[in-house]
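Analysis of the macromolecular model
What follows is the residue order along each chain.
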Amino acid sequence: MGAYSSNHTISLSRLLKLLMWLHRRLSGIPTTMTIPDDSHERALISQGCKLIAGVDEVGRGPLAGPVVAAAVLFDPATLPEGLRDSKALSKKKLAALSELITANCRYAIGEATVEEIDEINILRASHVAMCRAIAALPEQPEHVLVDGNMIPKDLTIPASAIIKGDAKSVSISAAAIVAKIWRDRVMCDLAQHYPQYGWDSNAGYPSKSHKEALRDFGVTPHHRRSFKPIHNILYQE
């Protein structure tokens, strides 16, 4: 009997990749999605860093409400399994992961108000929120992993900017999830006072129903006056 051809064999690593792809497909997770890992954190540890934090913000695009940032200290013993880009997760999964992170990890929240957003612009306000979250951590990190392509200018701690960091770094991913759930709850609270704008479902983003409510009921104190759609309503000629 001749030897079995290698053309018909499959390596263990390839089999594992195939099984992971099949699991993501059956779970409804995009099969091309990058899964965050701790390679950035491990690289810093190998350089002598002992305390690393990931930071991310949520809420740059909405017409209403604050911009919120979260910072999470990296600890592989407490970070939960299943971290992903927050935009790729269901609300139920986001809430479950946020609960695990806030119950077991060292984290902090920072916010910048609507007034600050209007005064200094949304980019700078998001950086202010990030700096506040980092400053509020129970221990100050030696290095910060920042989502995006810019490091906040007021951040005095060494930092690295990682584009699409919530899909690449577990620390940033954890921070993004916590910030997302925190801000959603802030907007749900505000919706109790202004139910006509649907903030409990649209989180202040410019959905069709939100824009219709603006047309019908006008601008609230929680709307960002520096944003063009709000500015145009207030200063119609």
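So, here's what we can say about the structure.

A closer look at the layout of surface pockets
Looking at the largest pocket, its volume works out to about 480 Å³. Around the largest pocket sit 26 residues that line it, and Asp 56, Glu 57, Val 58, Lys 87 and Asp 147 are the ones nearest its centre. Looking at side-chain class alone, the lining of the largest pocket contains 8 nonpolar, 7 polar and 11 charged residues.

Description of the sheet that holds strand E2 (residues 67-73)
In a beta sheet, neighbouring strands pair by backbone hydrogen bonds and run either parallel or antiparallel. Spatial ordering of the open sheet is given by E3-E2-E1-E4-E5, a layout of 5 strands whose pairing is mixed. Two strands bound the open sheet, and with one partner strand each, they are strand E3 (107-112) and strand E5 (159-162). Across the sheet, the axes of successive neighbouring strands diverge by a mean angle of 20 degrees, strand direction being ignored. Inspection of the sheet shows strand E1 (residues 52-58) paired to E2 by 6 bridges, in the antiparallel sense. Pairing of Val 55 across the sheet is with Ala 71, part of E2. Contacts from helix H6 (residues 170-191) reach E1, E2, E3, strand E4 (143-147) and E5 within the one sheet, and its direction differs from that of E1 by about 40 degrees.

Some points on the nonpolar core
Note on soluble globular proteins: their nonpolar side chains tend to be buried together. Counting 36 residues, the largest nonpolar core has Val 55, Val 67, Ile 134, Val 144, Val 146, Leu 155 and Trp 199 as its most contacted members. Secondary-structure elements contributing two or more residues to this core are E1, E2, E3, helix H5 (122-135), E4, H6 and helix H8 (208-217). Not counting residues within four places of it along the chain, the set of residues in contact with Leu 155 comprises Cys 131, Ile 134, Val 144 and Val 146. Counting residues in hydrophobic clusters, the runner-up holds 26 residues, among them Ile 101, Cys 105, Ala 174 and Ile 177.

Each value, and the rule that gives it
- Residues numbered from 1 in each chain as written.
- Predicted model: local features only at pLDDT ≥ 70, side-chain atom pairs only at ≥ 80, totals over all residues.
- Heavy atoms only, no water.
- 1 Å grid on protein atoms, 1.4 Å probe; cavity = no way out; pocket = protein on both sides within 12 Å on 5 of 7 lines; lining within 4 Å.
- Points joined across faces, edges and corners; volume = space filled by probe spheres on them.
- Nonpolar A, V, L, I, M, F, W, Y, C, P; charged D, E, K, R; others polar.
- Pairing = 2+ DSSP bridges.
- Helix = DSSP H or I, 4+ residues; strand = E, 2+ residues; numbered from the N terminus.
- Axes fitted to C-alpha atoms, helices over the stretch in contact; angles between N-to-C directions.
- Contact = heavy atoms within 4.5 Å.
- Core = buried A, V, L, I, M, F, W, Y, C linked by side-chain atoms within 4.5 Å.
- Buried < 20%, exposed > 50% of the residue type's maximum accessible area, 1.4 Å probe, protein only.

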